[in-house]
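Now for the letters of each chain:
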Amino acid sequence: MKVPRSAARFILVVAGFALAGCDTMLAGVRVPESAPPRRVFAQTGVVNAPLVAGQEPTDLLLTPAGKKSPLVMLAISGGGSRASYYAARVMEQLSQVPNAAGEGSVLDSVRVISGVSAGSLAAAWYCVNFDQRGAPDFFERFKNSMALNLQWRSYGHMAVFPPLALQLLATGVTRTDLLANEIERVLGRPATFNDLRAGEARPHDPAPILITNGTVYNTGQRLVMSNLPARRFPAPLADSRLRVASQGSGMRALMELMQPLTFEDFGSDIGSFRVAHAVAASAAYPILLAPFRLKVYPEHVPPTSAGRVSPQLLASPWIHVADGGLVENEGLDALISILKTLDRNQPVLFIIIQANFRLETKKVDRNEIWGPLDVIYRMYDIGTLRPLALYGAHIAQFHNPAALEAVVIRLEGYDPDTNNLLRRIPTAFKLSKEHREAIDAVAVQNVAQVTPELHAAISRLARSKR
């Protein structure tokens, strides 16, 4: 039986209401009565433009923020709103920790921020709003933005504005596109990477250089979304002395897997790309969120990117980008690539804000397997921590160990009850009041615990600089 067009539309709208209701229940929240209807549609079609010849990204100065300070690079792990809120709270504390070299605060010294998944949301918010950091309410707005329930904001408003549900069901729009919409609202403005570059490139009081990390489903490569040019992202382990006996195509695949991918490498313009889209791509958690789709422009790939990407990828019309944590969930991988491009004796300090939980032995009773989400979390832990164990020895091959320090600020409590509470915070884009208060308390303690270590690391690097 043929269904009249008007009836079909009605069915889709009703289905949209049902879908929105399911999402709201999954988010564990009720629709707020005061929530204004969302009267815009998600962007459809191609969201990334081709790279115009002669407009390839130029390099940015990777120099310390002060004459006595080391080059400070910050990595922020994934982990849902737990990670983004914890990062905001830690960064607030770091803004109050004096730089041991006597040049502002530790946060003032940060020149590069690399974020993964929800950690990239905190990194992006700070970079987009960097010039407002002197305002008395800056960190309150930062923390409040990171605590917003993006699950409701992305999907629940379909209940009050059915055309969005209709668009989700009847077009190519995905939940990740809706998430990008809401991330843009959280950031406060529709910023592009060109907008960020204006602050990153200025000689006085430059903004930190933002790096947002994703994973390319097509090839398994890390996608680096940043204003830094492709040459700043060599393969971190490409010059390893380990050789694998393999057929030619198999070896090429292994080497390509290690090579980070940039927008230049598939002929696209990072400058006009929206920061909110980069964050949504980095946070597209497998199964729960669809991968983010980017157009490939093989005829626009500059000669400098020759050989960095496989012909098969360039022959594909699209690349599909998902959660950056599938490659490495700390945000450190991109910083190690950058480290390879610096002078061997350049003093460098890595600060790692780690809001995910390390791989630890978990007792399993009665031969039972864990639930689906537990299994996914464990896959992330294994995939992230195994390569991190190799980095320390490998870095010494290309950087002076005396000129490199790393300080980890880890989300943890100092008693069993607090630790158990923190572990119960789900990896989701929402936070309860109880969870927010717990993170507030431990973030202050965590930074206080590592402050002597931070001061000592900066002092040692300052001496090595002389």
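Data block above holds the structure.
Predicted, not measured: the structure shown is a model, and the values here were computed from it.

Observations regarding the overall build of the chain
Okay, step 1: Looking only at helices and strands, the chain features 15 helices and eight strands.
Okay, step 2: For the chain, the residues scored as buried account for 52% of the 466 residues in total.
Okay, step 3: For the chain, the share of sequence-separated contacts (at least 6 apart) that also reach a separation of at least 24 residues comes to 82%.

Overview of the nonpolar core
Okay, step 1: By size, the foremost hydrophobic cluster in this structure holds 90 residues, and its most contacted members are Phe 142, Phe 273, Val 275 and Leu 294.
Okay, step 2: Counting residues per element, this core draws most heavily on helix α15 (residues 433-465), at 10 residues.
Okay, step 3: Sequence-distant contacts of Phe 273, that is, excluding residues within four places in its chain, are made with Val 47, Asn 48, Thr 192, Phe 193, Met 225, Phe 263, Ala 278, Phe 292 and Leu 294.
Okay, step 4: In this structure, Met 73, Ala 75, Leu 339 and Phe 350 belong to the second largest nonpolar core, which totals 25 residues.

What to know about the packing of aromatic side chains
Okay, step 1: Counted according to the given criterion, the structure contains 11 aromatic pairs.
Okay, step 2: With a centroid separation of 5.7 Å and 75° between ring planes, the pair formed by Tyr 126 and Phe 130 is classed as edge-to-face.
Okay, step 3: With a relative accessible area of 2%, Tyr 126 lands in the buried category.
Okay, step 4: Between the aromatic rings of Phe 138 and Phe 142, the centroid separation amounts to 6.3 Å while the plane-to-plane angle is 55°, which identifies the pairing as tilted. With Phe 138 and Phe 142 both in helix α4 (residues 138-146) and four residues apart, this pair spans about one turn of that helix. Of the two residues, Phe 138 and Phe 142, both sit in the buried class.
Okay, step 5: The rings of Trp 125, Tyr 126, Phe 130, Phe 138, Phe 139 and Phe 142 are connected pair by pair, giving a single aromatic cluster.
Okay, step 6: Cation over ring: Lys 295 sits above Trp 318, and NZ or CZ is 5.2 Å from the ring centre.

Regarding the pairing of strand β3 (residues 209-216)
Okay, step 1: Of all eight residues in β3, eight are buried; the element is thus mostly enclosed.
Okay, step 2: On β3, burial covers both faces: Ile 209, Ile 211, Asn 213 and Thr 215 on one face and Leu 210, Thr 212, Gly 214 and Val 216 on the other are all buried.
Okay, step 3: Bridge count for strand β2 (residues 110-116) against β3 is five bridges, and the pairing is parallel. When the sheet's bridge partners are listed, Val 116 is paired in β3 with Asn 213.
Okay, step 4: For β3 and strand β4 (residues 222-226), the ladder comprises five bridges, and the chain directions are antiparallel. Across the sheet, Ile 211 pairs through a bridge with Ser 226, a residue of β4.

Re helix α7 (residues 175-187)
Okay, step 1: With 13 residues, α7 should cover 18 Å at 1.5 Å per step; its first-to-last C-alpha distance of 18 Å lies within 8% of that length.
Okay, step 2: Most of α7 is tucked away, with 11 of its 13 residues classed as buried.
Okay, step 3: Residues Thr 176, Asp 177, Leu 178, Leu 179, Ala 180, Asn 181, Glu 182, Ile 183, Glu 184, Val 186 and Leu 187 constitute the buried set of α7.
Okay, step 4: Two residues or fewer after α7 comes Gly 188, characterised by a positive phi angle close to 100°.

Cut-off values and rules
- Residues numbered from 1 in each chain as written.
- Predicted model: local features only at pLDDT ≥ 70, side-chain atom pairs only at ≥ 80, totals over all residues.
- Heavy atoms only, no water.
- Helix = DSSP H or I, 4+ residues; strand = E, 2+ residues; numbered from the N terminus.
- Buried < 20%, exposed > 50% of the residue type's maximum accessible area, 1.4 Å probe, protein only.
- Contact = heavy atoms within 4.5 Å.
- Core = buried A, V, L, I, M, F, W, Y, C linked by side-chain atoms within 4.5 Å.
- Phe/Tyr/Trp six-rings, centres within 6.5 Å; stacked < 30°, edge-to-face > 60°.
- Lys NZ or Arg CZ within 6 Å of the ring centre and 35° of its normal.
- Pairing = 2+ DSSP bridges.
- Expected span 1.5 Å × (residues − 1).

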